[in-house]
Structures are given as C-alpha cells and as structure tokens.
Amino acid sequence: MFILFCCLMAVTVFPFIRLVHRREYLSVDNCNVVKGFFLILVFIRHFLQYKPIFVETPGHDLILMINGKLGQLIVALFLFYSGYGVMVSAIRKGSSYVRALPRRRILPTWISFAAAVAVYAAVTIGIGLYKPELRRILLSMIGWKSYGNSNWYIFCVLLLYLAHWIAMSLAGTGNCSVAVLCVLTGLYVLVVSGYKDSYWWNTAFCYAAGCAWAVNKDRIDALLDRVSFGSPVGSLFFFIATRLLWQNRAVSEYLYLLCSVCFAVGVVLLSRCITIESPFLLWAGRNLYPLFIFQRLPMILLQKKLVGHGFYYFIICLLLTLLTAPAYNQISRWIIRRCKSSRS
C-alpha cells in the first residue's frame, strides 16, 4: 500500500509542486487542485475500510498511521471551499442568487445524491448485502441511513446549504449572516451529536469558516501582505494549533471542531505560497462529486472476488472510480438535454 501511495504521489503531485506567491489562491482551479489532492486521501481512507483482504506490505503501518492522524481532516477543505464558493457567488450576484439557492443548489445536490443512493441500493440489495426495506430506503435518500454509500457528508452539506440560505435571507451576505450561520451550525452539531458518531458533525464549522473568509478576504490578504512571510508563518501557526488540539481531543470531542477549522485555514494559507500545477488533480477536483460518491461501488463489488490480491484490488478500484466521472457526466448531459427538449 505504501509503495502504491508513493507511486500515486510521484505521478500526480510531486513533479507539479511550485513555490510561488499566488494572489488568486482561492481561484476555482486552485481550489479544485487542492480538492483533487484530498480526494486521493479520501479514496485511500475508504479503501482501507476494506483492508482485510489487503496483504500487508512494507510501509503499510505508516499509511495506517497517516490515515489515523488525518482522520476527518481530509474533508475539511471540501466544506471550507464549498462555503467560500457559495458566499462569493452570493456577494457577487446579490439577492437573486440567495433566493434561487434552494432551487439551483440544494435541490440539484439532493437529486444527484438520491440517484446515487438508488444505484447503491440496487447493487447492494442485488448482491445480498442489504435487504429492500422501505424505511431504510427513504432514510437513505436524505442521508440518515446508507446502502453502502458515503452518506454523512451529503447530509451535512445539504443542511449547511439550508442553514446558509436561511442566514443570508435573514442577515444578508456580510459578517452578520456568518454569525447566524455559526449559530445554526452549532444547532446542527448539538442535535446530530445526540444521534450520530462525531464524524457526522466534527468538521461542520469549516463551511462557516469558508464563508467568513469570503466576506473578509480583502482584509485578510492585506494583513498577510503586511507581515514578512505572513502566509508560511500563519500556515505553520495553524498547523501547530491543529496538532495541539488533536492531541487534546480526548478532553472534549468538540475540540475537533476547532481543530478542523485550524487545519483548513493552515492549508489555505499554505496554498498562497505553494501551488500544485497538476492536470490530474485539477481534473479530479472538477469531478469531485462522482469520484467521491461512487468510489465505494467497485470496492464493495470486488472485495470478495479479489481476496488476497490487494494490489490488483487497489488498481482496479482506482481505474473503475476514475471511469465513473466521464460516465456520470455523459448521463447527466443526456438527462439535461431530455429535460430541455421535453419543456420545448
């Protein structure tokens, strides 16, 4: 596993690292590259959940250690960039964007997720992994239950979108709306923590952090530019804070909320002075949804068929996951064309 990881990094990351100060460190492309990098880590984390068939190789323990240390932090940037992107769009486009958010962002996200759940349900019921229970199917459609798919993230994102829409409807697109969003996010954490494990909520405030950055970006950039080596020093500070909070998470599991925000801010600051000009990571970030949501399908289907063949299991799962993106895009475009033609 360690060798495969190193090969993957050698091909997709290391040759493309550049030390350069970027004013547009939160551009769409730069964010997509960072998301593509963390998507690789998500794939490996999910793959390790099926690791009983994987023959341990030199460095395998190191991969397990890195996976254990990072934990939920690997999705922190997804939420941060999502909050940042929605808030920037709202600031630029105004109240019309806010009013249309349920129809143009929340509903399409849910429809895409429900379609993915239907695929997972058909596959896992077909192979006998789950039973066709109506209650489970309905709860899976909103992300509360699962048919083998990754559900908590979409459940969290949908509610954060809804909370953000409410906050902007009540308080506009400034810091007041961020404060309202933080209150609503806190309510989400309090409620969900009573029913679900901590990974359902312990990165939720990264979304609000992205919104706050969008509102205050000019002031943040001006402050960083006034300080010598502001970005690398700031990044180091937040990574140290992340480490300290992570070490003391046993004191309170709610410390992880702050830990995840510190990690996200540390990576964002690092992206001001280090960039990865990787075409593959850019493509992966642009296709985040299908690559993220469907990557468990080949892992589920091939787990028992490739017992004892960990290398081939990893490679085949990776290739099949990569193929889901063009397939998903083709199907999505076909559905959109059909909908448009039916309207006309």
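Below or above, wherever it landed, is the structure these notes cover. Quick caveat: nothing in here was measured; it's all calculated off a predicted structure.

Of regular secondary structure, the chain possesses 15 helices and 2 strands. The globule rule puts the C-alpha radius of gyration for 344 residues at 20 Å, and the 20 Å found for the chain is close to it. Taking the principal axes of the C-alpha coordinates as reference, the chain spans close to 60 × 55 × 45 Å. Expressed as a percentage of the 344 residues in the chain, the buried residues total 49%. Summing over all exposed atoms, the chain offers an accessible surface of approximately 17100 Å²; the carbon and sulfur share of this is 67%.

A word on the packing of helix α5 (residues 95-126) against helix α7 (residues 152-171). Axis separation between α5 and α7 bottoms out at 10 Å; the angle between their running directions is 175°. With respect to α7, the element α5 is oriented roughly antiparallel. The segment α5 lies against α7, with Val98, Arg99, Leu101, Pro102, Arg105, Ile106, Thr109, Trp110 and Phe113 engaging Ile154, Leu158, Tyr161, Leu162, Trp165, Met168 and Ser169.

We now examine the packing of aromatic side chains. For any pair of aromatic rings, geometry is given as the distance between the ring centres together with the angle between the planes. Going through the model one piece at a time under the given rule, you end up with 28 aromatic pairs. Each ring, one from Phe37 and one from Phe38, has its centre 5.3 Å from the other, and the planes form 85°; the classification is edge-to-face. Given a relative accessible area of 22%, Phe37 falls into the partly exposed group. On the basis of relative accessible area, Phe38 is assigned to the buried category, the value being 5%. Through successive ring pairs, a cluster of aromatic residues spans Phe78, Trp144, Trp152, Tyr153, Phe155, Tyr188, Tyr195, Tyr199, Trp200 and Phe292. If you follow Lys196 out to its NZ or CZ, it ends over the ring of Trp144, 4.4 Å from the centre.

Turning our eyes to something else, we now look at a nonpolar patch on the surface. Taken together, the side chains of Val183, Leu187, Leu190, Val191, Tyr195 and Tyr254 make up a nonpolar region of the molecular surface, amounting to roughly 660 Å² of accessible area. Locating Tyr195 in the fold gives a position in the loop between α8 (175-192) and α9 (205-226). Classification of Tyr195 by relative accessible area gives exposed; the value is 63%.

Counting residues in each nonpolar core, the largest one holds 110 residues, and the members touching the most others are Phe38, Leu77 and Trp213. Discounting chain neighbours no more than four positions away, the residues touching Phe38 are Ile74, Leu77, Phe78, Phe263 and Val267.

The next subject is the environment of Ile315. Mapped onto the fold, Ile315 is located in helix α15 (residues 310-343). Residue classification places Ile315 among the partly exposed positions, given a relative accessible area of 28%. C-alpha separation for the pair Ile315 and Leu4, spaced 311 residues apart in sequence, amounts to 8.9 Å.

With that settled, the discussion passes to the packing of helix α4 (residues 76-93) against α9. Interhelical geometry of α4 versus α9 gives an angle of 40° and a closest axis separation of 7 Å. Looking at the two axes, α4 sits oblique to α9. Every pair of crossing elements has a handedness; the one defined by α4 and α9 is right-handed. Residues Ala76, Leu79, Phe80, Ser82, Gly83, Tyr84, Val86, Met87, Val88 and Ile91 of α4 form the contact with α9, whose participating residues are Cys206, Tyr207, Ala209, Gly210, Cys211, Trp213, Ala214, Val215 and Lys217. Grouping the amino acids of the contact of α4 with α9 by side-chain chemistry returns 15 nonpolar, 3 polar and 1 charged.

Moving on, we get to the pattern of salt bridges. Tallied over the entire structure, the rule returns 5 salt bridges. The partner of Asp29 in a salt bridge is Arg286, and the shortest N-O contact between them spans 3.1 Å. One end of the pair, Asp29, is in helix α2 (residues 28-48); the other, Arg286, is in helix α12 (residues 279-286), and 257 residues separate them in sequence. The shortest N-O distance in the salt bridge between Asp225 and Arg272 comes to 3.2 Å. Taken together, the residues Asp225 in helix α9 and Arg272 in the loop between α11 (255-270) and β2 (274-276) connect sequence positions 47 residues apart.

The rules we used
Residues numbered from 1 in each chain as written. Predicted model: local features only at pLDDT ≥ 70, side-chain atom pairs only at ≥ 80, totals over all residues. Heavy atoms only, no water. Helix = DSSP H or I, 4+ residues; strand = E, 2+ residues; numbered from the N terminus. Rg over C-alpha atoms; globule rule 2.2 N^0.38 Å. Buried < 20%, exposed > 50% of the residue type's maximum accessible area, 1.4 Å probe, protein only. Areas by Shrake-Rupley, 256 points an atom, 1.4 Å probe, with all protein chains shown as cover. Axes fitted to C-alpha atoms, helices over the stretch in contact; angles between N-to-C directions. Parallel < 35°, antiparallel > 145°, perpendicular 65-115°, else oblique. Contact = heavy atoms within 4.5 Å. Phe/Tyr/Trp six-rings, centres within 6.5 Å; stacked < 30°, edge-to-face > 60°. Lys NZ or Arg CZ within 6 Å of the ring centre and 35° of its normal. Patch = residues over 30% accessible without salt bridge, like charges linked within 9 Å, V, L, I, M, F, W, Y side chains within 5 Å. Salt bridge = Lys/Arg side-chain N within 4 Å of Asp/Glu carboxyl O. Core = buried A, V, L, I, M, F, W, Y, C linked by side-chain atoms within 4.5 Å. Left-handed = near helix turned anticlockwise from the far one by under 90°. Nonpolar A, V, L, I, M, F, W, Y, C, P; charged D, E, K, R; others polar.

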